Amino acid sequence: MASTKRKVTPLSDQEIQTKYSQFQSELQAVASKIGELESEADEHSLVLGTLDEVLKEDPDRKCFRLIGGVLVERTVKDVVPALQTNRDGIRTAVKGLADQYTSKEKEFETFKEDYKIRVVGRV
C-alpha cells in the first residue's frame, strides 16, 4: 500500500482552530443556502401544479406575480413559462451548490487528516 505524503504547512494551534471553524461555517452556510433554494424550488413546483390546471382550462385567465416587490398582473400563459424557467434555474443552482459542498467537505477532511484532527464525542 503506497503512502502518499502531502507537504503540510506548519500552523500554530490557534491557526488550526481558526481554519477548522472557518471550514465548519462555510459548510454550514452552503448547506443553509441549499435548503433555502430547495424550498424555493418546491414552492415554484406547487404553484406550477396549480397553474397547469388553469392553463388547460383558461390560459387567458389573469393572475398576479410578485416581481422585485411589485405585484404585476399577467395571464397564466405568460407566467407559467417564466416560473418553469425560474424553477429550472434554481435546481441548477442547487446542483452547483451541492457539488461545491462536496468539494469543500473533501477539502475539510484532507485538512483534518493533515493536521491529525479527531472530533471528540460530545455529551
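Look a little higher up for the structure.
Residues numbered from 1 in each chain as written. Predicted model: local features only at pLDDT ≥ 70, side-chain atom pairs only at ≥ 80, totals over all residues. Heavy atoms only, no water.

Asks: Run through the nonpolar core, naming residues and quoting values.
Replies: With eight residues, the main nonpolar core is built from Leu48, Leu51, Val54, Cys63, Val76, Val79, Val80 and Leu83. Residue assignment for this core shows that the elements contributing at least two residues are α1 (13-57) and α2 (76-114). The element contributing the most residues to this core is α2, with four residues. (Core = buried A, V, L, I, M, F, W, Y, C linked by side-chain atoms within 4.5 Å. Buried < 20%, exposed > 50% of the residue type's maximum accessible area, 1.4 Å probe, protein only. Helix = DSSP H or I, 4+ residues; strand = E, 2+ residues; numbered from the N terminus.)

Asks: Report on the side chain of His44, specifying residues and quantitative values.
Replies: Looking at the element boundaries, His44 is found in helix α1. Of note is the side chain of His44, whose polar atom sits 2.9 Å from the backbone oxygen of Glu40. Those residues within four positions of His44 in sequence are excluded, and the remaining contacts are Leu83, Asn86, Arg87 and Ile90. (Polar contact = N/O pair within 3.5 Å; in protein donor to acceptor, adjacent residues only side chain to side chain. Contact = heavy atoms within 4.5 Å.)

Asks: So what about the pattern of salt bridges? Which residues, and what values?
Replies: It is possible for side chains bearing opposite charge to pair when their charged atoms get close. Under the counting rule described, the total for this entry stands at six salt bridges. Between Arg87 and Asp88 there is a salt bridge, with the nearest N and O atoms lying 3.7 Å from each other. Asp88 gets classed as partly exposed once you look at its relative accessible area, which sits at 38%. Taking the shortest distance from any N to any O, the salt bridge between Glu107 and Lys104 comes out at 3.9 Å. One end of the pair is Glu107 and the other is Lys104, both in helix α2 and three residues apart, which spans about a single turn. Given a relative accessible area of 42%, Glu107 falls into the partly exposed group. Owing to a relative accessible area of 22%, Lys104 belongs among the partly exposed residues under this scheme. Three or more residues joined by partner-sharing salt bridges are found here, namely Glu26, Lys104 and Glu107. (Salt bridge = Lys/Arg side-chain N within 4 Å of Asp/Glu carboxyl O.)

Asks: Can you explain a negative patch on the surface? Please cite residues and give values.
Replies: Taken together, the side chains of Glu38, Glu40, Asp42 and Glu43 make up a negatively charged region of the molecular surface. Mapped onto the elements of the fold, Glu38 is located in helix α1. (Patch = residues over 30% accessible without salt bridge, like charges linked within 9 Å, V, L, I, M, F, W, Y side chains within 5 Å. Areas by Shrake-Rupley, 256 points an atom, 1.4 Å probe, with all protein chains shown as cover. Lys, Arg positive; Asp, Glu negative; His and termini not counted. Charge placed at Lys NZ, Arg CZ, Asp CG, Glu CD.)

Asks: Account for α2, naming residues and giving values.
Replies: Taking 1.5 Å of rise per residue, 39 residues should cover 57 Å, and α2 covers 56 Å from first to last C-alpha, within 8% of that figure. Buried residues of α2: Val76, Val79, Val80, Leu83, Arg87, Ile90, Val94, Leu97, Phe108, Phe111 and Lys112, and no others. Contact partners of the buried residues in α2: α1, β1 (62-67) and β2 (70-75). Just downstream of α2 lies Lys116, where phi reads positive at about 50 degrees. (Expected span 1.5 Å × (residues − 1).)

Asks: Any details on unusual backbone geometry? Residues and values, ideally.
Replies: One non-glycine residue, Lys116, adopts positive backbone phi at about 50 degrees. Within the secondary structure layout, Lys116 lies in the segment after α2. On the basis of relative accessible area, Lys116 is assigned to the exposed category, the value being 71%.

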